[in-house]
Amino acid sequence: MGLSQDNLKGVVLALLSSGFIGASFVIKKKGLRRAAAVSGVRAGCGGYAYLLEPLWWLGMITMIVGEVANFVAYAFAPAILVTPLGALSIIVSAVLAQFMLKEKLHRLGVLGCVMCISGSVVIVIHAPQESPITSVQEIWTMATQSAFLVYLGSVIVLVFLLIFHFVPRCGHTNVLVFTGICSLMGSLSVMSVKALGTALKLTFEGKNQLFYPETWFFLFIVATCVITQMNYLNKALDTFNTAVVSPIYYVMFTSLTILASVIMFKDWDGQSMGSIVSELCGFIAVLSGTILLNSTKDSDRGSSFRGGHAPLSPTLSTGLFSGNGETPKQDEENVLLSEEICLRKQELL
């Protein structure tokens, strides 16, 4: 199935986004190392010398450019196409880290990269064509249809149930609680981001959508969902291992986002069963590759600790969550944690 012009623009923007975000991890880590070498105080120990390091700011700017490209991509292409491509940022960071940071990418990691790329190609080839949208009010009509209202109501009920019932009881022992809240809210934030991005796109084309209250309502939803999402993502990363949180969050977030998009925008309407099955297979390949990449790196760290030595630098591919929800401070603490452990061991000796 050929790509439409809008889908092609969305794919290019999504690929650029993954490239910039993946590279930003490596650049920021080099900046963190350089700042720690100069000041002697690491970010994980409360140091803020990296704020004076130009290389770290270059990484931040690179990440922001990537996030902007990701935002614009949703205005051109369906979420079922854009969201899974975010996994490619892991490949970029893993490959760059091997050459620039000397972090080894093992054979299983290479296999995970190949699976992500293959799955992404399948998704792009069989991606659905979106119907042209001429007004933000059309999106509002989609958002208020009965099927999506049922999904919206279910998400709200589940989020409140998780926050007020499960968080106090098992939030700090079950990783699915915090990641579940992030993923559910994340699916709504993507739908709102797509609506807002489309409204801005139409405005720049000369069809002003800023006069419609629906545009500002979608902006409010984006802000609310992102704040809630980041709050509980920080809790998850602070409580559990990043290598555990990242793949679980990515699988849940991407799955729920695609489900929400299929319900709201009816992405699969008019597609053949073969195309739908191909998209699902590509999606499963991307998820499997992502999990394989993260589990490989997690086992690397585990084997290093069992051998009595802390790894010199954990891989940046565990920063998967940054493709749809970045927490820079947590990333800075994680990437230097193992070096801190190593130094403490030396002090004890």
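Residues numbered from 1 in each chain as written. Predicted model: local features only at pLDDT ≥ 70, side-chain atom pairs only at ≥ 80, totals over all residues. Heavy atoms only, no water.

Under an unreviewed UniProt entry, the protein has the name Probable magnesium transporter and belongs to Herrania umbratica. Its UniProt record gives the protein a comment under Subunit (unreviewed entry), which states: "Homodimer." (UniProt positions renumbered as here; feature names shortened; annotations may be inferred.)

Q: Looking at this structure, how should I read the side chain of Ser187?
A: Tracing the backbone through its elements, the reader meets Ser187 in helix H8 (residues 175-204). Ser187 gets classed as buried once you look at its relative accessible area, which sits at 0%. Polar contacts involving the side chain of Ser187 include one to the side chain of Tyr151, which spans 2.8 Å. Residue contacts for Ser187: discarding those within four places in its chain leaves Tyr151, Phe253, Leu256, Thr257 and Ala260. (Helix = DSSP H or I, 4+ residues; strand = E, 2+ residues; numbered from the N terminus. Buried < 20%, exposed > 50% of the residue type's maximum accessible area, 1.4 Å probe, protein only. Polar contact = N/O pair within 3.5 Å; in protein donor to acceptor, adjacent residues only side chain to side chain. Contact = heavy atoms within 4.5 Å.)

Q: What is the right way to read the packing of aromatic side chains from this model?
A: The relative placement of two aromatic rings is captured by the distance of their centres and the angle of their planes. Across all of its chains, the model carries 8 aromatic pairs by this definition. Ring centres of Trp140 and Phe218 lie 6.0 Å apart, and the angle between their planes is 70 degrees; on these two criteria the pair is classed as edge-to-face. Remark: Phe218 occurs in helix H9 (residues 213-239) and Trp140 occurs in helix H6 (residues 136-143); sequence separation between them is 78 residues. Of the residues examined, Phe218 reaches a relative accessible area of 5% and is grouped as buried. Grouped by ring-pair contacts, the aromatic residues Trp140, Phe217 and Phe218 constitute a single cluster. Positioned over the ring face of Phe265 is Lys194, at 5.5 Å from the centre of the ring. The positively charged end of Lys235 is found above the aromatic ring belonging to Tyr232, 5.9 Å away from the centroid. (Phe/Tyr/Trp six-rings, centres within 6.5 Å; stacked < 30°, edge-to-face > 60°. Lys NZ or Arg CZ within 6 Å of the ring centre and 35° of its normal.)

Q: How should the confidence of the model for the protein be read in this particular structure?
A: Segments scoring low in pLDDT should not have their predicted coordinates read at a detailed level. Of all residues in the protein, 81% attain a pLDDT of 70 or more, and the chain-wide mean is 80. Taking the mean pLDDT of every element in the protein, the minimum, 43, falls on helix H12 (residues 328-348) and the maximum, 96, on helix H7 (residues 146-170). (pLDDT = per-residue confidence, 0-100.)

Q: Teacher, can you tell me more about the nonpolar core here?
A: What tends to happen in soluble globular proteins is that the nonpolar side chains get buried as a cluster. Core analysis: the largest hydrophobic core is formed by 73 residues, its most contacted members being Phe148, Ile181 and Met191. Ranked by residues supplied to this core, first place goes to H8 with 14 residues. Non-local contacts of Met191, meaning those with residues more than four positions away in its chain, are made with Ala79, Phe148, Thr257, Ala260, Ser261, Met264 and Phe265. (Core = buried A, V, L, I, M, F, W, Y, C linked by side-chain atoms within 4.5 Å.)

Q: So what exactly am I meant to see when it comes to the packing of H8 against H9 here?
A: When two helices pack together, their arrangement is given by the angle between the helix axes and the distance between those axes. In contact at an axis separation of 8 Å, H8 and H9 are set at 150 degrees when each is read in the N-to-C sense. Here H8 is positioned roughly antiparallel relative to H9, judged by the angle of their axes. The handedness of the crossing between H8 and H9 comes out as left-handed. (Axes fitted to C-alpha atoms, helices over the stretch in contact; angles between N-to-C directions. Parallel < 35°, antiparallel > 145°, perpendicular 65-115°, else oblique. Left-handed = near helix turned anticlockwise from the far one by under 90°.)

Q: How should the pattern of salt bridges be read in this particular structure?
A: Close approach of charged atoms allows side chains of opposite charge to pair. Applying the stated criterion across every chain yields a total of 2 salt bridges. For the salt bridge of Lys201 with Asp6, the shortest nitrogen-to-oxygen distance reads 3.5 Å. One end of the pair, Lys201, is in helix H8; the other, Asp6, is in helix H1 (residues 5-39), and 195 residues separate them in sequence. For the salt bridge of Glu53 with Arg34, the shortest nitrogen-to-oxygen distance reads 3.5 Å. In this pair, Glu53 is assigned in the loop between H1 and helix H2 (54-76) and Arg34 in helix H1, connecting sequence segments 19 residues apart. Taking the relative accessible area as the measure of exposure, Glu53 reaches 10% and is therefore buried. (Salt bridge = Lys/Arg side-chain N within 4 Å of Asp/Glu carboxyl O.)

Q: Teacher, can you tell me more about a nonpolar patch on the surface here?
A: A cluster of nonpolar side chains, Leu3, Leu8, Val12, Leu16, Phe20, Ile61 and Val65, forms an exposed patch at the surface whose accessible area comes to about 540 Å². Counting residues per element, the ones that place at least two in the nonpolar patch are H1 and H2. Relative to the elements of secondary structure, Val12 occurs in helix H1. Taking relative accessible area as the criterion, Val12 reaches 40% and is therefore assigned partly exposed. (Patch = residues over 30% accessible without salt bridge, like charges linked within 9 Å, V, L, I, M, F, W, Y side chains within 5 Å. Areas by Shrake-Rupley, 256 points an atom, 1.4 Å probe, with all protein chains shown as cover.)

Q: In this structure, what is going on with H9? I would like to understand it.
A: An α-helical segment advances 3.6 residues per turn. Residues three or four places apart therefore align on the same side. Here H9 spans 39 Å end to end across 27 residues, near enough to the 39 Å set by a 1.5 Å rise per residue. Inspection of H9 places Glu214, Thr215, Phe218, Val222, Cys225, Thr228, Gln229, Met230, Tyr232, Leu233, Ala236 and Leu237 among the buried residues, and these make up the whole buried set. (Expected span 1.5 Å × (residues − 1).)

Q: I keep staring at unusual backbone geometry and nothing clicks. Help me out?
A: Glycine aside, residues mostly have negative phi, and peptide bonds are mostly found in the trans state. The backbone phi angle of Lys266 is positive, close to 50 degrees, even though this residue is not glycine. One can find Lys266 in the loop between helix H10 (242-265) and helix H11 (273-306). A relative accessible area of 39% places Lys266 in the partly exposed class.

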